[in-house]
Amino acid sequence: MGEKRTTGAAKTEGPRMAQAPVGASDNERASSAAGGRGKPGQDTRDDRGKPKQSAGDDSKSRKGLSQALASKGDQARESLGRTEALTGVALGCFLAWVPMTFQSLNIVGDEGEPVLDTVYLISICTLLLTQVLIGIEHKRCAVWLAKTPARAGSAIAMAASTLLLPVAAGWAGGESAAGAFVASIALTTASGVVSGVSSGLFLAQFGILMSKFSAKATAAIAATGYLCMSALFCLFSFFGPLESCLFAASMPVISSFLRDTGASTQKGKQAIDDKPLPSQTEPASPENRRQLRHLTLALALCCALIGCANELARTLYIQMGIAGAGGQYYAFIQAGAALIIGLGATVITLALVSMKTPRAPELCYRILILFLALGALLLPTPLLYPISAVAPYALNSAAFQCYGILAWVLICGACHQYPATSIRVFQFVRAGWTFGPLAGMLIGRFVVNCTSFELAQVFPCAVLGAALVMMAAMAFTEHDLAFAVNLLPTDRKRRFTDKCLAIASRCGLSERETEIMTLFAKGRNLAYIQDQLCLSKSTVSTHRQHIYQKLGVHSSQEMIDLIQEEKA
């Protein structure tokens, strides 16, 4: 209704004709159909007496539109850099909360280690259950996760669970009274359950936000996050029990504030795709469902196997390192070494991921697998050379952090491509990422507590860790990697989208017509667009005819040619 259609003469001319102004006479429409160039002496004014737009004026308007789009692009890039930095630091605060709370004795002391192990076990099991439940009930959780109480409440609950740790450890280390024992069990259970549920919700909110960024922005955010995590944990090693507890408890609160600040400002909304998530539904196309399920399963299995190998190595490395160096001193050395090596490895990873050659991501993946396997194979070295515990553990940590960067990019890229199933995909992959460390921790604790902890017992663990890494490479093959990389929202794809938006703005396309035009221009077929936009076949066909009429083209190829000639 109310849309202006071209005349029959306009349909027979070519794809680049000037449209007659609204209210023009028949002669003027004929002149417009002839290319907008009036004959000498012909009236060049419309019914209201205003001069018609000439070809030169049209060229000037196009130039002005291009300049306006370029200015908006510069502003968006500046806003994106600020949003990336805030989101990266926010991610680093969240990632640092885990080792500060569960992988260090700074808060509870040596006598509180049994309580800490119990809380960690309860927390990681609860986290795994939370991620699976959110993945199953993703339709109901999509709306609730975006609400302010859920965002703020999860951060506050994580902080509260951290503050409960020293209290639970104090009750457990006190007099063996029945009341103190019951209180210690209650506080330990509460801390584990609350931390698991709240961190699962917090992580889901991060996944929704990061799936709206481009691949390069996601890699920058993840790299910033892991580097901030190492730096914050290194700083954490200097603190006493009270300062450590307060510092760790502040991490989720600071993370929530920075994350919401970067995404909620007007500039932040312009820098990312701030549209709400669509209704969470499975793709209607059987081929899309099969590809998405295979990618989700392969990524989840790969994360589980690599996470298991890393946690097994981490558990044994720490036990061997602490035996030779002492707790706080060793924690400081390994955090500093991991920061330095992680910085170099992160730079290499980002350089490879950002390369334009198609083999770069595969090369990056091979290097990461090699270093992960090497970190596992070096596991027996502290028993042979006690002073060498720091270097191999730092190598193992840095390799796992770089793998984490790549995994974040791939997961968020898949969620960006399939927004209607983004919560489900993210949660199931993260569930595999959680299950792996749980299994690795249990295996490592069994080796530490139930064996003599000698070379004969540690060497099979090293072989097992390397085998798990190789199995991960077979579960998520280079073919799967190529498919996942093809889904990434790269800058090249965004430039193509900018061209589509410029064409849509100049020709007066509606928001829905712009969306459909972009999908057709990307080579998507009618069935795919029906599935993605939840529209009927006739509705999509009608929109396509309206798009062709407004653009003055007759086929999809002419539309693509028109878009490619546009200057973004």
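Residues numbered from 1 in each chain as written. Predicted model: local features only at pLDDT ≥ 70, side-chain atom pairs only at ≥ 80, totals over all residues. Heavy atoms only, no water.

## Regarding the overall build of the protein chain
Scanning the protein chain from N- to C-terminus turns up 23 helices and zero strands. Looking at the 568 residues of the protein chain, the share that counts as buried comes to 48%. Across the protein chain, every contact between residues at least 6 apart in sequence was considered, and the portion connecting residues at least 24 apart equals 79%. (Helix = DSSP H or I, 4+ residues; strand = E, 2+ residues; numbered from the N terminus. Buried < 20%, exposed > 50% of the residue type's maximum accessible area, 1.4 Å probe, protein only. Contact = heavy atoms within 4.5 Å.)

## Considerations on the side chain of K550
Within the secondary structure, K550 is located in helix α22 (residues 537–551). Looking at K550, the relative accessible area reads 14%, which means it is buried. Within polar-contact distance, the side chain of K550 engages the backbone oxygen of G508 at 3.3 Å. A polar contact is formed between the side chain of K550 and the side chain of E513, at a distance of 3.0 Å. (Polar contact = N/O pair within 3.5 Å; in protein donor to acceptor, adjacent residues only side chain to side chain.)

## A closer look at the side chain of E362
Tracing the backbone shows E362 in helix α13 (residues 360–377). Not counting residues up to four positions away in its chain, the partners in contact with E362 are E478, L481 and A482.

## Description of the packing of aromatic side chains
The tally for this structure, following the rule as stated, stands at nine aromatic pairs. Judged by centre distance (5.8 Å) and plane angle (45 degrees), the ring pair of W408 and F426 falls under tilted. Of this pair, W408 sits in helix α15 (residues 390–417) while F426 sits in helix α16 (residues 422–450), placing them 18 residues apart in sequence. Look at F426 and you get buried, because its relative accessible area is 3%. Feature note: the residues F94, F202 and F206 constitute an aromatic cluster, connected by ring pairs. In this arrangement the basic side chain of R259 is found over the ring face of F202, its NZ or CZ atom lying 4.6 Å from the centre. When the ring centre of W433 is taken as origin, the NZ or CZ atom of R430, which lies over that ring, is 4.0 Å away. (Phe/Tyr/Trp six-rings, centres within 6.5 Å; stacked < 30°, edge-to-face > 60°. Lys NZ or Arg CZ within 6 Å of the ring centre and 35° of its normal.)

## Re a nonpolar patch on the surface
Taken together, the side chains of L383, L384, Y385, L455, F459 and V463 define a hydrophobic patch exposed on the protein surface, amounting to about 580 Å² of accessible area. Breaking the nonpolar patch down by element, the ones donating at least two residues are α14 (381–384) and α17 (455–475). The leading source of residues in the nonpolar patch is α17, at three residues. Note that L455 resides in helix α17. (Patch = residues over 30% accessible without salt bridge, like charges linked within 9 Å, V, L, I, M, F, W, Y side chains within 5 Å. Areas by Shrake-Rupley, 256 points an atom, 1.4 Å probe, with all protein chains shown as cover. Salt bridge = Lys/Arg side-chain N within 4 Å of Asp/Glu carboxyl O.)

## Remarks on empty space enclosed by the protein
Counting across every chain of the model gives four cavities of 30 Å³ or more. In this structure, the second largest cavity encloses a volume near 50 Å³. Taken together, A204, G207, I208, S211, C415, S422, I423, F426 and Q427 make up the full set of residues lining the second largest cavity. Take the lining of the second largest cavity: its biggest share by element is four residues, from α16. (1 Å grid on protein atoms, 1.4 Å probe; cavity = no way out; pocket = protein on both sides within 12 Å on 5 of 7 lines; lining within 4 Å. Points joined across faces, edges and corners; volume = space filled by probe spheres on them.)

## Quick notes on the environment of A263
Assignment of secondary structure puts A263 in helix α9 (residues 241–264). With a relative accessible area of 16%, A263 lands in the buried category. It is 9.4 Å that separates the C-alpha atoms of A263 and E84, two residues lying 179 residues apart in sequence.

## Quick word on the nonpolar core
In terms of nonpolar packing, the biggest core is built from 91 residues, with M100, I306, W408, W433 and F476 touching the most fellow members. The greatest single-element share of this core, amounting to 13 residues, is contributed by α15. In contact with M100, not counting residues within four places along its chain, are I107, L232, F233, F236, F247, A248 and M251. (Core = buried A, V, L, I, M, F, W, Y, C linked by side-chain atoms within 4.5 Å.)

## Description of the packing of α22 against helix α23 (residues 556–564)
One way to put it is that α22 packs onto α23 with a least axis distance of 11 Å and a crossing angle of 50 degrees. Between α22 and α23, the angle is such that the two are oblique. Taken as a pair, α22 and α23 cross one another with a handedness that is left-handed. On α23, the residues touching I547, Y548 and L551 of α22 are S556, M559 and L562. (Axes fitted to C-alpha atoms, helices over the stretch in contact; angles between N-to-C directions. Parallel < 35°, antiparallel > 145°, perpendicular 65-115°, else oblique. Left-handed = near helix turned anticlockwise from the far one by under 90°.)

## Details of the pattern of salt bridges
Under the defined criterion, the tally for this structure stands at eight salt bridges. As a salt-bridge pair, E478 and R366 come within 2.5 Å of each other at their nearest N and O atoms. Of the two residues, E478 sits in helix α18 (residues 478–486) while R366 sits in helix α13, which places them 112 residues apart along the sequence. Under the relative-accessibility criterion, E478 is labelled partly exposed at 28%. When the shortest N-O distance is used, the salt bridge between E515 and R512 registers 3.2 Å. Here E515 and its partner R512 are both found in helix α20 (residues 511–521), three residues apart, which amounts to about one turn of the helix. The class of R512 is partly exposed, set by a relative accessible area of 31%.

## As for helix α5 (residues 138–145)
Those residues of α5 that fall on the buried side of the exposure criterion are H138, C141, A142 and L145. What you see down the axis of α5 is that its buried residues fit within an arc of 115 degrees, all on one side. Across α5 from its buried face, at more than 90 degrees, point the exposed residues K139, R140 and V143. (Arc of directions from axis to C-beta.)

## Digging into the confidence of the model for the protein chain
Here the protein chain averages 76 in pLDDT, while 71% of its residues score no lower than 70. Averaged pLDDT values over the elements of the protein chain bottom out at 36 in helix α1 (residues 8–11) and peak at 92 in helix α4 (residues 113–136). Contacts of residues 1–63 to residues separated by more than four positions or lying in other chains number 63 contacts, the stretch itself having pLDDT below 50. Between residues 72–79, whose pLDDT stays under 50, and residues either more than four places distant or in other chains, the model counts four contacts. (pLDDT = per-residue confidence, 0-100.)

## Brief notes about the environment of A96
As for its position among the elements, A96 is in helix α3 (residues 55–102). By relative accessible area, which is 0% here, A96 ends up buried. Apart from residues no more than four positions distant in its own chain, A96 is found in contact with M229 and L232.

## Points about the packing of helix α21 (residues 526–533) against α22
Where α21 meets α22, the closest approach of the two axes is 9 Å, and the angle between their N-to-C directions is 110 degrees. It follows that α21 is roughly perpendicular to α22 by the angle criterion. Each of L526, I529 and Q530 in α21 lies in contact with α22, whose residues at this interface are K537, V540 and S541. Taken together, the residues of the contact of α21 with α22 sort by class into three nonpolar, two polar and one charged. (Nonpolar A, V, L, I, M, F, W, Y, C, P; charged D, E, K, R; others polar.)

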